[in-house]
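# Structure at a glance
The chain contents come next:
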Amino acid sequence: VKMLPMLRVLARSQPEDKQKLIRLLQELGQIVGATGDGTNDAAALKAANVGLAMNKAGTEMAKRAADIVILDDSFSSIVMSVKWGRAIYDNISKFVQFQVTVNVVALVLS
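These numbers come from a predicted model, not from an experiment. Residues take numbers from 1 onward in each chain, read along the sequence in its written order. Only residues with pLDDT of at least 70 are given local features in this predicted model, and only at 80 or more are side-chain atom pairs given and counted; all residues enter the totals for whole chains, interfaces and linings. Note: side-chain values were computed over all heavy atoms of the structure, leaving out hydrogens and water.

## Things to note about the overall build of the protein chain
The test is simple: Comment: elements are numbered from the N terminus, with helices defined as DSSP H or I runs of at least four residues and strands as E runs of at least two. All radius of gyration figures rest on C-alpha atoms, and the globule criterion is 2.2 Å times the number of residues raised to 0.38. Each residue is placed in one exposure class: buried if its accessible area under a 1.4 Å probe, protein chains only, is under 20% of its type's maximum, exposed if it is over 50%, and partly exposed if it falls in between. Note on contacts: a residue pair is in contact if any heavy atoms of the two residues lie within 4.5 Å. Only the protein chains shown count as covering a residue, and every accessible area follows the Shrake-Rupley method with a 1.4 Å probe. His residues and chain termini do not enter the charge count, which takes Lys and Arg as positive and Asp and Glu as negative. Here the site of a charge means atom NZ of a Lys, CZ of an Arg, CG of an Asp or CD of a Glu.
A count of helices and strands for the protein chain gives four helices and three strands. Rg of the C-alpha trace for the protein chain: 19 Å, well past the compact-globule value of 13 Å for 110 residues, more than 25% over. Based on the C-alpha atoms only, the size of the protein chain along its principal axes is roughly 65 × 35 × 20 Å. Across the 110 residues of the protein chain, 25% fall into the buried class. Look at the contacts in the protein chain between residues 6 or more apart in sequence, and 12% of them connect residues 24 or more apart. Here the protein chain displays about 8,300 Å² of accessible surface, and carbon together with sulfur accounts for 62% of that area. Between the centroid of the 13 positive side chains of the protein chain and the centroid of its 10 negative side chains there is a distance of 5 Å.

This is the structure in C-alpha cells:
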C-alpha cells in the first residue's frame, strides 16, 4: 500500500492483481486507466475509470468491456488521445470562463 502512489505501470500481472490495484488506487482518489486485450482483462477494464482495449489483438469480450478501443494497438495512440482530450478540455474551460465573464460584465453595465 505504501508503494501505490509511486506506481505508474503494472505489466504482465494476474487479472486479480490488476483488479486489486485498480480498486486500491480508486480508494485513494486516483483516476485509473487500464489496458487489456484478453478475456481475463475484461473485469479490470470494467473496473477502471477508463478501460482501453486493443482492436487487432483484443478479444471481443475485452472490446465490449472497455470504454475505448484502440484501433491500431499502439500505445502512442493512447498518449496522443490523452493530449487531444486535455487540449479540448482546456479550450472548453477557457470558452466557458470567457462567456461567463462577458455575460457578467453585460449584466453589470445594463
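## Some words on the nonpolar core
Just so we agree on the cut-off: Think of a nonpolar core as a cluster: buried Ala, Val, Leu, Ile, Met, Phe, Trp, Tyr and Cys residues, connected wherever their side-chain atoms sit within 4.5 Å.
With 14 residues, the main nonpolar core has Ile22, Leu25, Ala34, Leu45 and Ala53 as its most contacted residues. Those elements that provide at least two residues to this core are α1 (15-27), α2 (42-47) and α3 (60-65). Sequence-distant contacts of Leu45, that is, excluding residues within four places in its chain, are made with Ala34, Thr35, Gly36, Gly51, Leu52, Ala53, Ala62, Ala65 and Ala66.

## With respect to the pattern of salt bridges
Pairing of side chains with opposite charge becomes possible as their charged atoms draw close. Stated formally: In the sections that follow, a salt bridge refers to a side-chain nitrogen of Lys or Arg positioned within 4 Å of a carboxyl oxygen of Asp or Glu.
Applying the stated criterion across every chain yields a total of three salt bridges. For the salt bridge of Asp41 with Lys18, the shortest nitrogen-to-oxygen distance reads 2.6 Å. You can see Asp41 sitting in the loop between β1 (33-36) and α2 and its partner Lys18 sitting in helix α1, a full 23 residues away along the chain. Here Glu27 ties to Arg23 by a salt bridge, and the two come within 3.2 Å at their closest N and O atoms. Here Glu27 and its partner Arg23 are both found in helix α1, four residues apart, which amounts to about one turn of the helix. On the basis of relative accessible area, Arg23 is assigned to the partly exposed category, the value being 42%.

## Concerning the pairing of β1
Quick note on the threshold: Between any two strands, pairing holds if DSSP finds at least two bridges. Classification remark: right-handed applies to a crossover when, strands pointing away from the viewer, the course from the first strand over the helix to the second runs clockwise.
Going residue by residue along β1, you find Ala34 and Gly36 tucked away on one face and Gly33 and Thr35 left uncovered on the opposite face. Summarising the sheet, β1 and strand β2 (residues 50-54) pair through four bridges and their orientation is parallel. Note on β2: the bridge partner recorded for Thr35 is Leu52. Crossover β1 to β2 through α2 is right-handed.

All we've got here are geometric facts, nothing functional implied.
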